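Chain residues, written in single-letter form:
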Amino acid sequence: MNLAALHERASLNQQVRVFFAERKVLEVETPALSQAGNTDPFIDSFSVNTPQGLRYLHTSPEYPMKRLLVEGAGDIYQLCKVWRRDESGKRHNPEFTMLEWYRLGFTWQQLMHEVADLLHILIPHLQKPPRFCSYREAFLETVQLDPHLATEAELSACAQAHGIGFSGDMPVQAWRDLLLTHCVEPHFPTDQLTFLYHYPATQSALATVQQVDGQAVAERFEVYLGAVELGNGYQEQTDSAQNRLILVQDANTRGHDIPVDERFLAALEDGLPECAGVALGIDRILMCRMQLDDLKQVIAFSWEVA
Amino acid sequence: MATYGSNDLRVGVKIILNGDPYTVVDSDFVKPGKGQAFTRARVRNLKTGRTIEQTFKSTETHEGADVEDRDMEYLYTDGENWTFMDSSSFEQLEAGATAMADAVKWLKGNEKCVVTLWNGVPLQVTTPNFAELKITQTDPGVRGDTATGGTKPATLETGAVVKVPLYMEEGEILKIDTRTGEYVSRVKA
């Protein structure tokens, strides 16, 4: 256990709270255990047996926070523990701390700047201004192909040409993910933030989708320091029918092992205000602040010894 | 045999990949925000010793390799095969030249070796870290010359050739580090 990390974490949490207090963003708490879970095909929830039936540990406080937005809570943030099954490694711990916030009337571009402001406070050695780069530009720069147009064969040939040892078939998006993690992310500068935006529409989750240069892209960004992904922000999709469509499609893909959050969907029918929202991984931010490279060094007791 | 999910590919886990047994040297979990999760591993081929990087989908499963390390005593060779004995069960088995590789240079008999077996067949033989062997041939040295640090080749009783200090003579016994093939010290007879 790293005692210095305990102190750094406490002071980081305090800086987060001061940052939002100054901006009049309200701190909220929502349930960690819910009757419905996250239906995202690539995120797995833990379930807990309770006398009232199965409940799911939240993988992010997104749904209940959006219900609060519908209720008129205004700008809100939450600093809480979240859980994701089977995510364990140098930069993953199945239990981790998330900072999530929503800004009414913000565009995703405004939100990126607010994220940068906060991260420059939390990671004081960051000197250079952030870099903003579209998903397409990042791929063109590093692997010389257009991720939106490349076919499965072209993507797999590109992976092979870059010496990635992988055998098997995958859908186009998984090949993009492979190239992103193995070739694109390692090129991000280690001395400034990189904001990657305009993901393929297949990666939109609950973000709005726009046509840009003939491609349907998600108004969504991820923020990195070097290859370390720190957070994920959206122009939130406010159309309730669209939200329902995505959740139901995801549940179909998963084989209905997780119930769709009907309370969330019902709330959206009352009208989610126009907003942008973002979730940041606090443990990774702490790791970057302390210039360490393994999450275990900043978590009091990691998954293996918890 | 055990099967492993990609998340179980921790250091030391042995799996079959393209028909060969591999051991995991290092692994990490990678996942883009909303996308496919992967396990990125460095794995060493237990037959060739070559290390490669391999990425697996997190949902894949892998067949475990039935690899076992056994403490065995080296008995003798007929020139093609090398015979080892399990000191507790007295079971004997033969390793071929490929499994022996460099190990043959350090064995004269009765050494305790580690024999790595795959499906019961020797894959690799690891000798003790140090061997004590007699010089059978070396050019006459320069007596008293201990300061210049020069070396000359010497042939040992097992046929191995090592570099030794100039003052060493035929009949002397040396301690050799078998991992590097380097002379360590003279052993008093």
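What counts as what
Residues numbered from 1 in each chain as written. Chains lettered and ligands numbered in written order. Predicted model: local features only at pLDDT ≥ 70, side-chain atom pairs only at ≥ 80, totals over all residues. Heavy atoms only, no water. Helix = DSSP H or I, 4+ residues; strand = E, 2+ residues; numbered from the N terminus. Rg over C-alpha atoms; globule rule 2.2 N^0.38 Å. Buried < 20%, exposed > 50% of the residue type's maximum accessible area, 1.4 Å probe, protein only. Contact = heavy atoms within 4.5 Å. Areas by Shrake-Rupley, 256 points an atom, 1.4 Å probe, with all protein chains shown as cover. Salt bridge = Lys/Arg side-chain N within 4 Å of Asp/Glu carboxyl O. Buried area = accessible area lost by both parts, 1.4 Å probe. Core = buried A, V, L, I, M, F, W, Y, C linked by side-chain atoms within 4.5 Å. Pairing = 2+ DSSP bridges. Axes fitted to C-alpha atoms, helices over the stretch in contact; angles between N-to-C directions. UniProt positions renumbered as here; feature names shortened; annotations may be inferred. Polar contact = N/O pair within 3.5 Å; in protein donor to acceptor, adjacent residues only side chain to side chain. Patch = residues over 30% accessible without salt bridge, like charges linked within 9 Å, V, L, I, M, F, W, Y side chains within 5 Å. Lys, Arg positive; Asp, Glu negative; His and termini not counted. Charge placed at Lys NZ, Arg CZ, Asp CG, Glu CD. Expected span 1.5 Å × (residues − 1). Arc of directions from axis to C-beta. Disulfide = S-S within 2.5 Å. Left-handed = near helix turned anticlockwise from the far one by under 90°. Nonpolar A, V, L, I, M, F, W, Y, C, P; charged D, E, K, R; others polar.

Draft legend 1. Layout of the overall build of chain B. Of regular secondary structure, chain B possesses 1 helix and 16 strands. For 189 residues, the compact-globule estimate of 2.2 N^0.38 gives 16 Å, and the C-alpha radius of gyration of chain B, at 22 Å, exceeds that figure by more than 25%. Along the first, second and third principal axes, the C-alpha atoms of chain B reach 75 × 45 × 25 Å. A total of 189 residues make up chain B; the buried ones form 43% of that total. At a minimum sequence separation of 6, the contacts of chain B that also span at least 24 residues come to 43%. By element, 47% of the accessible surface of chain B is carried by carbon and sulfur atoms, the whole surface being about 9900 Å².

Draft legend 2. Examining the pattern of salt bridges more closely. Residue and element names in this part refer to chain A. Scanning the model with the defined rule gives 29 salt bridges over all chains in all. A salt bridge links Arg23 to Glu114; the nearest nitrogen and oxygen atoms lie 2.8 Å apart. Highlighted residues: Arg23 in the loop between helix H1 (3-22) and strand S1 (26-27) and Glu114 in helix H3 (residues 108-122), separated in sequence by 91 residues. Between Asp44 and Arg254 there is a salt bridge, and its shortest N-O distance comes to 2.7 Å.

Draft legend 3. Summary view of the interface of chain B and chain A. Across the boundary between the two partners, chain B contributes 20 residues, which contact 28 residues of chain A. Together chain B and chain A conceal approximately 2100 Å² of surface at their shared face, both sides included; 51% is due to carbon and sulfur atoms. At the junction of chain B with chain A, the criterion picks out 2 salt bridges. The shortest N-O distance in the salt bridge between Lys34(B) and Asp40(A) comes to 3.6 Å.

Draft legend 4. Fine view of the nonpolar core. Core analysis: the largest hydrophobic core is formed by 40 residues, its most contacted members being Leu99(A), Trp101(A), Val115(A), Leu230(A) and Leu280(A). At 8 residues, the largest contribution of residues to this core is made by H3(A). For Leu230(A), the contacting residues outside a window of four places in its chain are Leu119(A), Ile123(A), Leu193(A), Val223(A), Tyr224(A), Leu225(A), Ala279(A), Leu280(A), Gly281(A), Arg284(A), Ile285(A) and Cys288(A). Ranked by size, the runner-up nonpolar core spans 27 residues in total, among them Phe166(A), Ala174(A), Phe188(A) and Phe38(B).

Draft legend 5. Just the sheet that holds strand S14 (residues 161-165) of chain B, in detail. Residue and element names in this part refer to chain B. One open sheet holds the 5 strands; their spatial order is S14-S13-S12-S15-S16, and the pairing between them is antiparallel. Looking at strand neighbours, the two that pair on one side only are S14 and strand S16 (182-187), the edges of this open sheet. Adjacent strand axes in the sheet meet at a mean angle of 55° when their direction is disregarded.

Draft legend 6. Structural detail: the side chain of Gln215(A). Residues and elements named next belong to chain A. Note on placement: Gln215 falls in strand S10 (residues 215-225). Take Gln215: its relative accessible area is 17%, and that puts it in the buried class. In this structure Gln215 touches Arg136, His148, Leu149 and Gln210, once residues within four positions along its chain are discounted.

Draft legend 7. Structural context of the UniProt feature "modified residue: N6-(3,6-diaminohexanoyl)-5-hydroxylysine" (unreviewed entry) in chain B. When the UniProt feature table is mapped to this numbering, "modified residue: N6-(3,6-diaminohexanoyl)-5-hydroxylysine" (unreviewed entry) covers Lys34(B). By secondary structure assignment, the location of Lys34(B) is in the loop between strand S3 (20-30) and strand S4 (38-45). Each residue touching Lys34(B), except ones within four places of it in the same chain, is listed here: Asp40(A), Phe42(A), Ile43(A), Gln203(A), Ala205(A), Arg220(A), Glu222(A), Asn232(A) and Tyr234(A). Within the structure, the side chain of Lys34(B) is placed 3.3 Å from the side chain of Tyr234(A), a separation counted as a polar contact.

Draft legend 8. Representation of the UniProt feature "domain: Aminoacyl-transfer RNA synthetases class-II family profile" (unreviewed entry) in chain A in the model. When the UniProt feature table is mapped onto this chain, "domain: Aminoacyl-transfer RNA synthetases class-II family profile" (unreviewed entry) is found at residues 1-287 of chain A. Note that residues 1-287 of chain A is 37% helix and 25% strand, and that its end C-alpha atoms are spaced 14 Å apart.

Draft legend 9. Fine view of a negative patch on the surface. Together, Asp66(B), Glu68(B), Asp69(B) and Asp71(B) give the surface a local cluster of negative charge. Summarising the element assignment, Asp71(B) is placed in strand S7 (residues 67-77).

Draft legend 10. Spatial organisation of H1(A). Residues and elements named next belong to chain A. In this model H1 runs 29 Å from its N-terminal to its C-terminal C-alpha over 20 residues, within 8% of the 28 Å that 1.5 Å per residue would give. If you check which residues of H1 are buried, you get Ala5, Arg9, Leu12, Asn13, Val16, Phe19 and Phe20. Taken end-on, H1 shows its buried residues confined to a sector of 125°, consistent with a single buried face. Turned more than 90 degrees away from the buried face of H1 sit Leu3, His7, Gln14, Ala21 and Glu22, all of them exposed. The inward-facing, buried residues of H1 abut strand S5 (76-83), strand S6 (95-104), H3 and helix H9 (282-289).

Draft legend 11. Molecular detail of the pairing of strand S12 (residues 275-281) of chain A. Residues and elements named next belong to chain A. Of all 7 residues in S12, 7 are buried; the element is thus mostly enclosed. Neither face of S12 is exposed, since Cys275, Gly277, Ala279 and Gly281 on one face and Ala276, Val278 and Leu280 on the opposite face are all buried. With 7 bridges connecting them, S6 and S12 associate as antiparallel partners. Directly across from Leu104, in S12, lies its bridge partner Cys275.

Draft legend 12. Focus on the state of the cysteines. All names here are of chain A. Overall, the coordinates contain 0 disulfides over all chains when judged by the stated rule. This cysteine, Cys183, is not joined by any disulfide, and Cys158 carries the nearest cysteine sulfur, 6.2 Å off. Judged by relative accessible area, which is 8%, Cys183 ranks as buried.

Draft legend 13. Here's a closer look at unusual backbone geometry. Residue and element names in this part refer to chain A. In this structure, Asp86 is a non-glycine residue whose phi angle is positive, near 65°. Looking at the element boundaries, Asp86 is found in the loop between S5 and S6. On the basis of relative accessibility, which here comes to 41%, the residue Asp86 falls in the partly exposed class. Non-glycine residue Gln291 carries a positive phi angle of around 55°. For Gln291, the location among the structural elements is in the segment after H9.

Draft legend 14. How the structure looks around the packing of H1(A) against H3(A). Residue and element names in this part refer to chain A. Interhelical geometry of H1 versus H3 gives an angle of 145° and a closest axis separation of 10 Å. In this structure, H1 crosses over H3, and the sense of that crossing is right-handed. Note on element contacts: H3 touches H1 through Glu114, Asp117, Leu118, Ile121 and Leu122, opposite Leu12, Gln15, Val16, Phe19 and Phe20. Here the residues of the contact of H1 with H3 are counted per class, giving 7 nonpolar, 1 polar and 2 charged.

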